[in-house]
Amino acid sequence: MATNTKTRDGGPAMGRSASRRTHGEGLFRFLSTAAGVVLLAIMAAIAVFLISEAIPALQANEGSFFGDLIWEPNSSKVFGIGALAFGTVLSSALALVIATPIAVGVALFISHYAPRRLAAPLGYLIDLLAAVPSVVYGLWGVTFLVPLLRTPSQWLNENLGWFPLFGGEGIIGGKTMLAGAVVLAIMILPIIAAISREVFLQAPKMNEEAALALGATRWEMIRMAVLPFGRPGVISAAMLGLGRAMGETIAVALIFPATFDISFQILTPHANSIAANIANGFGEANEVGRGALIASGLVLFVITLLVNTGARLIINRRKEYARAGA
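Residues numbered from 1 in each chain as written. Predicted model: local features only at pLDDT ≥ 70, side-chain atom pairs only at ≥ 80, totals over all residues. Heavy atoms only, no water.

### Some words on the pattern of salt bridges
Tallied over the entire structure, the rule returns four salt bridges. Of the charged contacts, one joins Arg244 and Glu248 as a salt bridge, the two residues approaching to 2.7 Å between their closest N and O atoms. Exposure remark for Arg244: the relative accessible area of 32% places this residue in the partly exposed category. In this structure Glu248 comes out as buried when scored by relative accessible area, which is 5%. When salt bridges that share partners are traced, they join Asp127, Arg197 and Glu198 into one network. (Salt bridge = Lys/Arg side-chain N within 4 Å of Asp/Glu carboxyl O. Buried < 20%, exposed > 50% of the residue type's maximum accessible area, 1.4 Å probe, protein only.)

### Notes on the packing of helix α7 (residues 205-213) against helix α8 (residues 218-246)
Where α7 contacts α8, the two axes come as close as 9 Å, and the packing angle between them is 140°. Taken together, the axis directions place α7 and α8 in an arrangement best described as oblique. Two packed elements cross with a definite hand, and for α7 against α8 that hand is right-handed. Taking contact as the criterion, the partners of Asn207, Glu208, Ala211 and Leu212 in α7 are, on α8, Arg218, Met221, Met224, Ala225 and Val226. Along the lines of polarity and charge, the residues of the contact of α7 with α8 split into six nonpolar, one polar and two charged. (Axes fitted to C-alpha atoms, helices over the stretch in contact; angles between N-to-C directions. Helix = DSSP H or I, 4+ residues; strand = E, 2+ residues; numbered from the N terminus. Parallel < 35°, antiparallel > 145°, perpendicular 65-115°, else oblique. Left-handed = near helix turned anticlockwise from the far one by under 90°. Contact = heavy atoms within 4.5 Å. Nonpolar A, V, L, I, M, F, W, Y, C, P; charged D, E, K, R; others polar.)

### Overview of unusual backbone geometry
Unusually for a residue other than glycine, Lys77 sits at a positive phi of about 55°. Mapped onto the secondary structure, Lys77 falls in the loop between β1 (71-72) and β2 (78-79). By relative accessible area, Lys77 is classed as partly exposed at 35%. In this model, Ala258 sits at a positive phi of 60°, which is unusual for a non-glycine residue. Relative to the helices and strands, Ala258 resides in the loop between α9 (250-255) and α10 (274-281).

Here it is, written out as structure tokens:
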């Protein structure tokens with residue numbers, strides 16, 4: 001006679017199921033930990049490579065790496081990161097200021113105003129902007145945006161020239177910091193809009209319905225129930241977009257005039273960035289020049305790492321949002 005191993009209360013069968021579940025959880029935990037370790041190892045390997053390749057060039061540098069506004073590592077072995085770092089931060093900050101309000105408005109429209117038939121296609125259209133190659137943005141900026149911004153730039157200079165950003169004399173318009181910032185803003189807009197949209201959709205429906213039940217208008221409901229909940233997510237999305245803008249290469253390399261000076265006048269041809277300088281100079285660089293470019297890449301690596309770390313810290317400050325996004 002066959003022995004029935006299943007007891008009346010199903011004990012052995014339940015035990016085997018629990019054992020399989022335990023093994024599955026252990027395997028998943030192991031794979032997740034391994035993925036995290038591999039990611040950290042890759043980042044550490046990148047950092048080690050950048051440092052090892054940059055040290056010889058930094059030792060050969062006859063100027064101040066953080067203070068000089070000159071970049072001549074191939075000839076005089078004098079190069080400084082000051083102007084490039086300034087241009088990177090300024091162009092990315094301007095792009096962030098331009099893109100964030102538009103992205104938040106688009107996210108609110110898709111999540112709380114647009115009908116469902118319109119919201120889904122509009123969301124797909126915004127997301128598709130992230131799939132456009134950066135070289136296409138750069139070519140569009142050079143051929144279309146740069147000539148288009150000449151007249152508005154002259155108007156801003158004539159009427160708001162007292163403000164440092166819009167001041168300047170001589171050539172106004174053309175390949176300027178403003179043109180590059182607008183292109184960067186269009187490139188980071190899908191990132192900020194997509195993350196903000198998902199955050200707004202996760203706002204507690206009970207709070208929204210309670211605000212509407214108390215007689216609040218739709219905008220008052222958004223201001224009281226949606227925006228406070230989504231503020232950490234919007235800030236982190238903006239910081240992720242900032243990191244994306246700092247690392248952009250081809251688009252800004254085609255638009256920026258590649259100058260090595262520090263100027264807040266965004267309407268004059270004074271603009272450059274670390275990524276654009278690497279793209280423009282790597283092909284003609286000698287051994288010291290390549291090391292100098294790698295050293296500038298190390299600075300960009302540290303800046304973007306700090307930006308993304310700050311974004312993660314902001315997300316973790318809101319435990320409710322962290323659990324909702326898990």
